[in-house]
Amino acid sequence: MTSQYRWGMVVDLDRCTGCGACVVACQAENNVAICGKKEISEGRNMHWLRIERFWVGQYPDVRARFLPVLCQHCHDAPCEPVCPVYASYHNPDGLNGQVYNRCVGTRYCGNNCPYAVRVFNFYNHEWPNPLDNQLSPDMTVRTRGVMEKCTFCIQRIRRAKEDAKSENRTIRDGEIQPACAQTCPTDALVFGNMADPRSRVAILSRSPRRFRLLEHLGTHPSICYLKGGGREHV
């Protein structure tokens, strides 16, 4: 890998309150379709980020815990080699990209993803007025028949890269914030350059509280989770 950037994220589960602000921010930033009862009842809802809720302890000392799950941007991504048209690819910054106008909707990538974070667009969704006014001009509006996923808000990464290049410098730590991390009220989501050992995300990823989802599968995710800091929310 020749890039000086390797984007990653740290999610501190002890800070997450399950408020869902990250989910809404992702939906708005990336023009993710809004689904109603019918689509949800058919299991065809759209979201690039979901929050899993689970319970720990025994009654009456029971606590709810929350686990934000999004594309893990694996270094050895199972979704990439199964795509027959190379719509799923690995970019030099370590991101798992998705070329929407190349995708033919086989859904092989979704079937091969152990984290179930890819969603298939079953419908030509509409944004009735005034919701259409909030569509982001930096993102496409995907049509029916393509697989969608989290990109770490790649449009923001590209914009920051262009700004840094025009000023003949590298991207500063904290300069890029995906919509989910920017919106999180408890600072549970931290994004940055893992290749920079002095960046905040790299320092947090070396915490003894760290773990990765389904680590035994050997997919080497770019997202690291923290748990066990003694700040668990009730």
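Our structure's up above, just so we're on the same page.
These numbers come from a predicted model, not from an experiment.

1. Things to note about the packing of aromatic side chains
As enumerated under the stated definition, the model contains five aromatic pairs in all. Judged by centre distance (5.6 Å) and plane angle (15 degrees), the ring pair of Trp 7 and Phe 191 falls under stacked. Highlighted residues: Trp 7 in strand β1 (residues 7-12) and Phe 191 in strand β8 (residues 189-193), separated in sequence by 184 residues. Phe 191 shares its class with Trp 7; the two are buried. Site record: aromatic cluster; members linked through ring pairs are Tyr 5, Trp 7, Phe 152 and Phe 191. Above the face of the Phe 120 ring, Arg 107 is positioned so that its terminal group lies 4.7 Å from the ring centre.

2. Thoughts on the side chain of Thr 219
Considering the arrangement of structural elements, one finds Thr 219 in the loop between β9 (210-211) and β10 (223-226). With relative accessibility at 3%, the residue Thr 219 sits in the buried group. Not counting the four nearest positions on each side in its chain, Thr 219 is found in contact with Cys 74, His 75, Asp 76, Pro 78 and Tyr 115.

3. Here we look at the pattern of salt bridges
On inspection of all chains with the given rule, the structure shows 14 salt bridges. For Glu 52, the salt bridge is made with Arg 50, and the minimal N-O distance between the two is 2.5 Å. Salt-bridge contacts for Asp 93 lead to Lys 161; the nearest nitrogen and oxygen are separated by 2.5 Å. Residue Asp 93 is found in the loop between β4 (88-90) and β5 (96-98), and its partner Lys 161 is found in helix α4 (residues 154-166); the two are separated by 68 residues along the sequence. For Lys 161, a relative accessible area of 31% translates into the label partly exposed.

4. Side note on α4
For α4, which comprises 13 residues, the first-to-last C-alpha distance of 18 Å matches the rise-based estimate of 18 Å (1.5 Å per residue) to within 8%. When we look at burial in α4, the residues that qualify are Ile 154, Gln 155, Arg 156, Ile 157, Ala 160 and Ala 164. Buried residues belonging to α4 abut β1, α1 (21-29), α5 (179-183) and β8. Once α4 ends, the next one or two residues include Asn 168, with phi positive near 55 degrees.

5. Brief notes about the state of the cysteines
Summed over the entire model, instances satisfying the criterion amount to zero disulfides. Left without a disulfide partner, Cys 16 is nearest to the cysteine sulfur of Cys 22, which lies 6.5 Å away. The thiol of Cys 19 is not disulfide-bonded; the next cysteine sulfur, from Cys 22, is found 6.2 Å away.

6. What about the sheet that holds β1?
Strands pair in a sheet through their backbones, by hydrogen bonds, and they do so in one of two ways: parallel or antiparallel. The strand order across the open sheet built from four strands is β8-β1-β10-β9, with neighbouring strands paired in mixed fashion. Among the strands making up the open sheet, the edge pair consists of β8 and β9.

7. Structural notes on the environment of Asn 121
By secondary structure assignment, the location of Asn 121 is in the loop between β6 (119-120) and β7 (147-148). Given a relative accessible area of 1%, Asn 121 falls into the buried group. When the C-alpha positions of Asn 121 and Gly 105 are compared, they lie 8.8 Å apart, and in sequence the two are 16 residues distant. A distance of 3.4 Å separates the side chain of Asn 121 from the backbone nitrogen of Tyr 123, its partner in a polar contact. Side-chain polar atoms of Asn 121 contact the side chain of His 125, separated by 3.3 Å.

8. Topic: the environment of Tyr 225
Inspection of the secondary structure puts Tyr 225 in strand β10. Considered as a pair, Tyr 225 and Arg 212 are 13 residues apart in the sequence and their alpha carbons are 5.8 Å apart. Separated by 2.7 Å, the side chain of Tyr 225 and the backbone oxygen of Pro 68 make a polar contact.

So, how was this worked out
Residues numbered from 1 in each chain as written. Predicted model: local features only at pLDDT ≥ 70, side-chain atom pairs only at ≥ 80, totals over all residues. Heavy atoms only, no water. Phe/Tyr/Trp six-rings, centres within 6.5 Å; stacked < 30°, edge-to-face > 60°. Helix = DSSP H or I, 4+ residues; strand = E, 2+ residues; numbered from the N terminus. Buried < 20%, exposed > 50% of the residue type's maximum accessible area, 1.4 Å probe, protein only. Lys NZ or Arg CZ within 6 Å of the ring centre and 35° of its normal. Contact = heavy atoms within 4.5 Å. Salt bridge = Lys/Arg side-chain N within 4 Å of Asp/Glu carboxyl O. Expected span 1.5 Å × (residues − 1). Disulfide = S-S within 2.5 Å. Pairing = 2+ DSSP bridges. Polar contact = N/O pair within 3.5 Å; in protein donor to acceptor, adjacent residues only side chain to side chain.

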